[in-house]
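Letter by letter, the chains look like this.
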Amino acid sequence: MTELCDLSAADLAARIRAGDVSAVEALDSALARIAAVDGRPGALDSGDLTAEDAAKVHAFITLTEDRARAQAEAIDKKLAAGEIPGPLAGVPFTVKDIFVVEGTPSTAASRMLANFTAPYTATPVARLEAAGGVMLGKVNLDEFTYGSSNESSAFQPHPRNPWDPSRVVGGSSGGSAAAVAAGEGALSLGTDTAGSIRQPAAFCGVVGVKPTYGRVSRYGLIAFGSSLDCPGPIARDITDAALMLNAIAGPDARDATAATLPVPDYTAGLEDGVKGLRIGLSPDFFKITYYNHDTGEMEERPLPDDITAAVMQAADKLSDAGARIIENVPMPHTRYGIPAYFVISRVEAASNLHRFDGVKYGHRTAEKAADLRSMYRKTRAEAFGPQPKLRILMGMYVSAAQYSEQYYQRALKVRSLIRRDFDLAYDPNGTHKLDALLTPTTPTTAFPIGDVYGDSVLMQYADQLTVTADHAGIPGISLPGGLDAAGLPIGIQLLGPDFSEATLFRIGRTYEKETAAAAWRAARPKVLG
Amino acid sequence: MTQYEAIIGLETHIQLNTQTKIFCGCKADSWDDAPNTNICPVCSGLPGSLPVPNAAVVAKAVRLAKAMQADIQAESYFDRKNYFYPDLPKGYQITQYDKSIATGGHMDVPMPDGSTRRVGIHKLHMEEDAGKTRNEKGRRLIDFNRCGVPLIEMVTGPDLRSADEAAEYLIRLRQLLRWLDISEADMEKAHLRTDANVSIRVRGETHLNTKTEIKNVNSIESLRAAVEKEIARQIQAYEAGERIEAWTLDWDENAQTLRKMRSKETEADYRYFKDPDLLAVRLEPAWLEGVLADFPELPLARRARFIEQYGLPEYDANILTSERSLSDYFEAAAAAYAGDVKRVSNWMMNDVLKLLNERGLEAGQLKLRPEQLAEIIQLVDANTINTPTGKSLLEKVQDSGHSPQEIVAAEGLSQVSDSGALRELAEKIIASSPDNVEKYRAGKDSLIGWFVGQLMRESQGKADPNAARAILEELLKG
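Each value, and the rule that gives it
- Residues numbered from 1 in each chain as written.
- Chains lettered and ligands numbered in written order.
- Predicted model: local features only at pLDDT ≥ 70, side-chain atom pairs only at ≥ 80, totals over all residues.
- Heavy atoms only, no water.
- Helix = DSSP H or I, 4+ residues; strand = E, 2+ residues; numbered from the N terminus.
- Buried < 20%, exposed > 50% of the residue type's maximum accessible area, 1.4 Å probe, protein only.
- Contact = heavy atoms within 4.5 Å.
- Buried area = accessible area lost by both parts, 1.4 Å probe.
- Salt bridge = Lys/Arg side-chain N within 4 Å of Asp/Glu carboxyl O.
- Polar contact = N/O pair within 3.5 Å; in protein donor to acceptor, adjacent residues only side chain to side chain.
- Pairing = 2+ DSSP bridges.
- Axes fitted to C-alpha atoms, helices over the stretch in contact; angles between N-to-C directions.
- Patch = residues over 30% accessible without salt bridge, like charges linked within 9 Å, V, L, I, M, F, W, Y side chains within 5 Å.
- Areas by Shrake-Rupley, 256 points an atom, 1.4 Å probe, with all protein chains shown as cover.
- Lys, Arg positive; Asp, Glu negative; His and termini not counted.
- Charge placed at Lys NZ, Arg CZ, Asp CG, Glu CD.
- Parallel < 35°, antiparallel > 145°, perpendicular 65-115°, else oblique.
- Left-handed = near helix turned anticlockwise from the far one by under 90°.
- Nonpolar A, V, L, I, M, F, W, Y, C, P; charged D, E, K, R; others polar.
- 1 Å grid on protein atoms, 1.4 Å probe; cavity = no way out; pocket = protein on both sides within 12 Å on 5 of 7 lines; lining within 4 Å.
- Points joined across faces, edges and corners; volume = space filled by probe spheres on them.
- Expected span 1.5 Å × (residues − 1).
- Arc of directions from axis to C-beta.
- Domains from an automatic or database assignment.

> Talk me through the overall build of chain A; I want residue IDs and the actual numbers.
Summing up its helical and strand segments, chain A has 15 helices and 13 strands in all. The dimensions of chain A, computed from C-alpha atoms along their principal axes, are 70 × 55 × 50 Å. For chain A, with 529 residues in total, the buried portion stands at 63%. For chain A, long-range pairs separated by at least 24 residues make up 75% of all intrachain contacts whose partners lie at least 6 apart in sequence.

> Mind laying out the interface of chain B and chain A, listing which residues take part and the relevant values?
Between chain B and chain A, the contact holds 33 residues from the first and 40 residues from the second. Overall, the association of chain B and chain A removes approximately 2,800 Å² of surface from exposure, summing both partners, and the carbon and sulfur fraction of that is 60%. Looking at the side of chain B facing chain A, the largest losses of area belong to Pro 47, Phe 84 and Arg 271 of chain B, adding up to 26% of the total buried there. Applying the counting criterion to the chain B and chain A interface returns one salt bridge. For Asp 277 of chain B, the salt bridge is made with Arg 218 of chain A, and the minimal N-O distance between the two is 3.0 Å. Counting across the interface, chain B meets chain A through 18 residue pairs in polar contact (both at pLDDT 80 or more). Elements supplying a minimum of two residues to the side of chain B that touches chain A: strand 4 (79–82) and strand 10 (139–143) of chain B.

> Any chance you could break down the pairing of strand 4 of chain B for me, citing the residues and the numbers?
Residues and elements named next belong to chain B. Here strand 4 shows a buried face lined by Asp 79 and Lys 81 and a second buried face lined by Arg 80 and Asn 82. Bridge analysis of strand 4 against strand 16 (residues 273–274) gives two bridges, and the strand direction is antiparallel. Across the sheet, the residue bridging to Asp 79 is Lys 274, located in strand 16.

> Just give me the short version of the sheet that holds strand 16 of chain B, but keep the residues and values in it.
Spatially, three strands are ordered 5-4-16 (chain B) in an open sheet, and the strand pairing comes out antiparallel. Looking at which strands have only one partner, the edges of the open sheet turn out to be strand 5 (92–95) and strand 16 of chain B. Taken together, the four bridges between strand 4 of chain B and strand 5 of chain B define a ladder with antiparallel strand orientation. Residue pairing across strands places Lys 81 of chain B opposite Gln 93 of chain B, the latter belonging to strand 5 of chain B. Relative to the sheet, helix 9 (residues 337–352) of chain A contacts strand 4, strand 5 and strand 16 of chain B, its axis offset from that of strand 4 of chain B by approximately 60°.

> I'd like a description of a negative patch on the surface, backed by residues and values.
Residues and elements named next belong to chain B. Residues Asp 29, Asp 32, Asp 181, Glu 184 and Glu 362 make up a contiguous surface patch of negative charge. Along the chain, the position of Asp 32 falls in the loop between strand 1 (4–15) and helix 1 (55–67). For Asp 32, a relative accessible area of 72% translates into the label exposed.

> Before we move on, could you go through the environment of Ser 49 of chain B and cite the residues and values that matter?
Examined against the element boundaries, Ser 49 of chain B turns out to sit in the loop between strand 1 and helix 1. Under the relative-accessibility criterion, Ser 49 of chain B is labelled buried at 8%. Sequence separation of Ser 49 of chain B and Gly 449 of chain B is 400 residues, and the distance between their C-alpha atoms is 78 Å. Leaving out residues up to four positions away in the same chain, Ser 49 of chain B has contacts with Tyr 120, Tyr 219 and Arg 355 of chain A together with Pro 41 and Val 42 of chain B. There is a polar contact of 2.9 Å between the side chain of Ser 49 of chain B and the backbone oxygen of Leu 46 of chain B.

> Explain the packing of helix 8 (residues 341–359) of chain B against helix 10 (residues 387–400) of chain B to me, and be specific about the residues and the numbers.
Residues and elements named next belong to chain B. Taken N-terminus to C-terminus, the directions of helix 8 and helix 10 make an angle of 40°; their axes are 12 Å apart at the nearest point. The orientation of helix 8 relative to helix 10 falls into the category oblique. Crossing of helix 8 against helix 10: the hand is right-handed. Judged by residue contacts, Trp 347, Asp 351, Leu 355, Glu 358 and Arg 359 of helix 8 engage Thr 387, Gly 390, Lys 391, Leu 394, Glu 395, Gln 398 and Asp 399 from helix 10. Across the contact of helix 8 with helix 10, the residue classes break down as three nonpolar, three polar and six charged.

> Can you explain the layout of surface pockets? Please cite residues and give values.
In this structure, the second largest pocket encloses a volume near 1,200 Å³. Along the walls of the second largest pocket sit 44 residues, with Ser 227 and Arg 415 of chain A together with Tyr 77, Lys 274 and Pro 276 of chain B positioned nearest its centre. Counting only elements with at least two residues in the lining of the second largest pocket, the list comes to helix 9, helix 12 (405–426) and helix 14 (467–472) of chain A together with strand 16 of chain B. Here the lining of the second largest pocket gets six residues from one element, more than from any other, and that element is helix 12 of chain A.

> Account for helix 8 (residues 305–320) of chain A, naming residues and giving values.
Residues and elements named next belong to chain A. Helix length check: helix 8 (16 residues) gives 22 Å between terminal C-alpha atoms against 22 Å at 1.5 Å per residue, within 8%. The set of residues buried in helix 8 consists of Ile 307, Ala 310, Val 311, Ala 314, Ala 315 and Leu 318. In a view along the axis of helix 8, the buried residues occupy a sector of 140°, so they form one face of it. Seen from the buried face of helix 8, the exposed residues on the opposite side, beyond 90 degrees, are Asp 305, Gln 313 and Asp 320. On its buried face, helix 8 sits against strand 7 (278–280), strand 10 (324–326), strand 11 (436–440), strand 12 (476–483), strand 13 (489–495) and helix 15 (501–514). The first or second residue beyond helix 8 is Gly 322, which carries a positive phi of 110°.

> Please provide a residue-by-residue account of the pattern of salt bridges, values included.
Inspection of every chain in the model, using the stated rule, returns 59 salt bridges over all chains. A salt bridge links Arg 198 of chain A to Asp 192 of chain A, with the nearest nitrogen and oxygen atoms 2.9 Å apart. For Arg 198 of chain A, a relative accessible area of 0% gives the class buried. Taking relative accessible area as the criterion, Asp 192 of chain A reaches 0% and is therefore assigned buried. The closest approach of N and O atoms between Arg 359 of chain B and Glu 395 of chain B, which form a salt bridge, is 3.8 Å. Here Glu 395 of chain B lies in helix 10 and Arg 359 of chain B lies in helix 8, a separation of 36 residues in the sequence. Several salt bridges share partner residues, and in doing so they unite Glu 297, Arg 302, Arg 305, Asp 328 and Glu 331 of chain B into one network.

> Lay out the side chain of His 106 of chain B with the relevant residues and their values.
Residues and elements named next belong to chain B. Looking at the secondary structure, you find His 106 in strand 7 (residues 106–110). With relative accessibility at 17%, the residue His 106 sits in the buried group. Of the polar contacts made by the side chain of His 106, one reaches the side chain of Arg 118; its length is 3.3 Å. With near-sequence residues (within four places) excluded, His 106 lies in contact with Met 68, Gln 69, Arg 118, Val 119, Gly 120 and Ile 121.

> Explain the domain arrangement of chain B to me, using residue names and the numbers behind them.
Domain annotation of chain B identifies domain 1 (4–289), domain 2 (299–411) and domain 3 (419–477). Put simply, the middle of domain 2 of chain B and the middle of domain 3 of chain B, counted by C-alpha atoms, are 33 Å apart.

> Could you give an account of the sheet that holds strand 4 (residues 187–192) of chain A, with specific residues and numbers?
Residue and element names in this part refer to chain A. The sheet built from 11 strands is open, its strands ordered 1-3-2-4-6-5-12-13-11-7-10 with mixed pairing. In this open sheet, the two strands that pair with only one neighbour each are strand 1 (60–63) and strand 10. If you compare each strand with its neighbour and ignore which way they point, the axes differ by 30° on average. Where helix 3 (residues 65–80) meets the sheet, it contacts strand 1 and strand 3 (134–139), and its direction lies at approximately 160° from that of strand 3. Each of strand 4, strand 5 (207–210), strand 6 (230–235) and strand 12 is contacted by helix 7 (residues 238–248), which is oriented at about 145° to strand 6, the strand it contacts most.

> Explain helix 10 (residues 372–383) of chain A residue by residue, including any values.
Residue and element names in this part refer to chain A. The first and last C-alpha atoms of helix 10 sit 17 Å apart over 12 residues, in line with the 16 Å expected at 1.5 Å per residue. Of the residues making up helix 10, those classed as buried are Ser 374, Met 375, Tyr 376, Thr 379, Arg 380 and Ala 383. Turning to helix 10, the residues buried within the fold contact helix 11 (386–399).

Structure, rendered in structure tokens:
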């Protein structure tokens, strides 16, 4: 029997609204699942990993059970009183612990903010709650979102992949993707700076949406790369993702970079099919280019066959459904996405981390500091893990007056060239006139825990196929596209022009319908037995 | 001294009088608030908070730029200036760096000797203020109330040549800021904070020597005193063959001395970059037009016009344009009066200003309207009332809100110049003062003043003093 926690958000909300089940029952189902699969929550100084730990998901840092119960009871009360409690009525969701939520610990998975309880709530979280969603708690991530595996969290054990707990969940929204995959809440709010929603969604076999930059307010999102950060939905299917984006998208007077364009109903055209849409394939997305330390040269490597095949099969399915597939779309600056990102994100990150100084909130060294400077140094040395420290060092270096022109200004130019690649591909008067690009989401499926961690350059290349959308500010979706030979999820990615989320959802939904009968659709994550 | 010339440039931080702070909804003015009570997640730099620019700040910056005849930029940017300080909660200050709201510009400052000094404007940009740090008993106390208070930083070229010129610039800037309603410009509340860059050179040389920077001068008089002291110090050092070093000096208001600040940090690298949390500041033409639509005549232009158009002495023009509502008031009264404008000026300078000072009001707040002032002067001119009655009428109109005519009628203040009535009073006084009559007739002419005074008193101030005097003289001599 399907448990309530395995239902889609759309389904669950419909049943709750119809009075078939209560919000409290839906909550209890999610809590039971968490109790069954999650294991102990991430914590500071948590000791060694036990054999039992190694088999659990560990998505959570903070479970806010009391708050959730109060919310669920309020929803049930509203329903009983005949009120309409919103499109997400009673749907349990989780929040990446990079968003502040009033009265709850908001840690950024860092020792620096382990003791920080926020006095206000992030806009997208407030909007989910206003739509009737029930917040289960805050889920794990890479420290300050800096990573692609969640291994860098200061709160251990870090999340483990529900499909194979010996493998990483991806990141940085790893706790979010793992929670959704394992039925610990139907929806999760993540953030994407280089691929941090789409890559873990791909690794965990769920849908991840990076909306157009500015489509969802960043107010209350603890910033990484402010010009890149996008909050977005992680869900089990396209319909749920669209439903969630409906709730969180829109202008916000508290975010000057939030788009003022009206928000369409993303669920409205989901079943309209892809007839006549032009969907592109680019050879530049079927290889990764990386820097070889030994030779000093850029090297290319093809993607694993499983991944390439999954994308080509998706193209066939969409073609069968009436889309026009346009091959050989040149995206020549894709290869520079990671180096440019290295520079831009670190300049912004180093500046964004300035406020964590031990003066106002968060960690302050317990040692007696001789002067202000040594208080700063000790505080930051103690509370930042290696990833923030690396980003501060590099960010300070490339934005220094004597290097800024050479690195930062140059990276900004590369960024605009990447944007131009997309503009040309989508130009309605151009050669390709694309409605969307279809690409793999990641160059690999979920890699084993410990394999890549420690090589922060290599780790970054996990984002090579996703990062260009962040540079360009365009929307991108990762959705499940099959399983590899090891039974691990493969993600396929759709990239569209600014504010084309509805079109991307439509294509994704068509693909879901076209593959509904595929054998891999029946597979379940290993932790669910 | 005369063989040297001082080279002075001023950097002024102007606190704007907007309702709210530059990037959040907290009120801009925290003067009466307890520490850390006028703050929010945005201005106290909590994780996740974001700045949203206040259009009123941009409007005021545009108006100041216009007054400086600077080039207003259709597109400008906010940058982050990164540095650590406990009262800077984000660890960076949001300011404008290489693409600021205005470029160029100048201010022509009239000097007391009648000359004019053109002061170039090197920088004019918007930024947020930081908080305040107070050291107390070995502890640092931080008040974030001031964080996010809107400032315009304005930097002049090295164009001022003496402490007096520097003071004069600041006086004129303060006048202009109030005139344009950009800032209350109350120096006691640190609305204008000025640093002075000072160097000297032998007169006739054209290069610039090493300068020192004087911080913490918070009044026009301290600016004058501090710059004067520093010029004297540099001359003395130069003459003693010492090298002038690029010190940062702190002005001690109480001791009236300059103190070398402990150490000048090595040249800081603030790693400026455009703040990704804020979009470019784009001035739409229609918006800009609206902001500048009611742009007023500026004080120095008005001062020149008063001299030119009304033939006022420079002294009068200066005072009457010291404050915008006063000059508006004067012009309205002059227009209503339709006679010799100097006469209105005299009434303004002597009586209206006295009234304003006594009541602590600005001209725009007076109940006594400019037309009523003109009417009172006209009543005096027409001998309907005498001058002292006119002066007392100013206060009566101000206090009652009634028109001068009404008050004159109701209180019977019309001047008594009817010779029959005056003669009757005069006879009465002469009859009751035989001693003084005798003395006067014996040749003590100065006693006529006493007789006139008696008559004025008898008439309750309403007698026309000239007519009274004539009648008294006639009777006494007869």
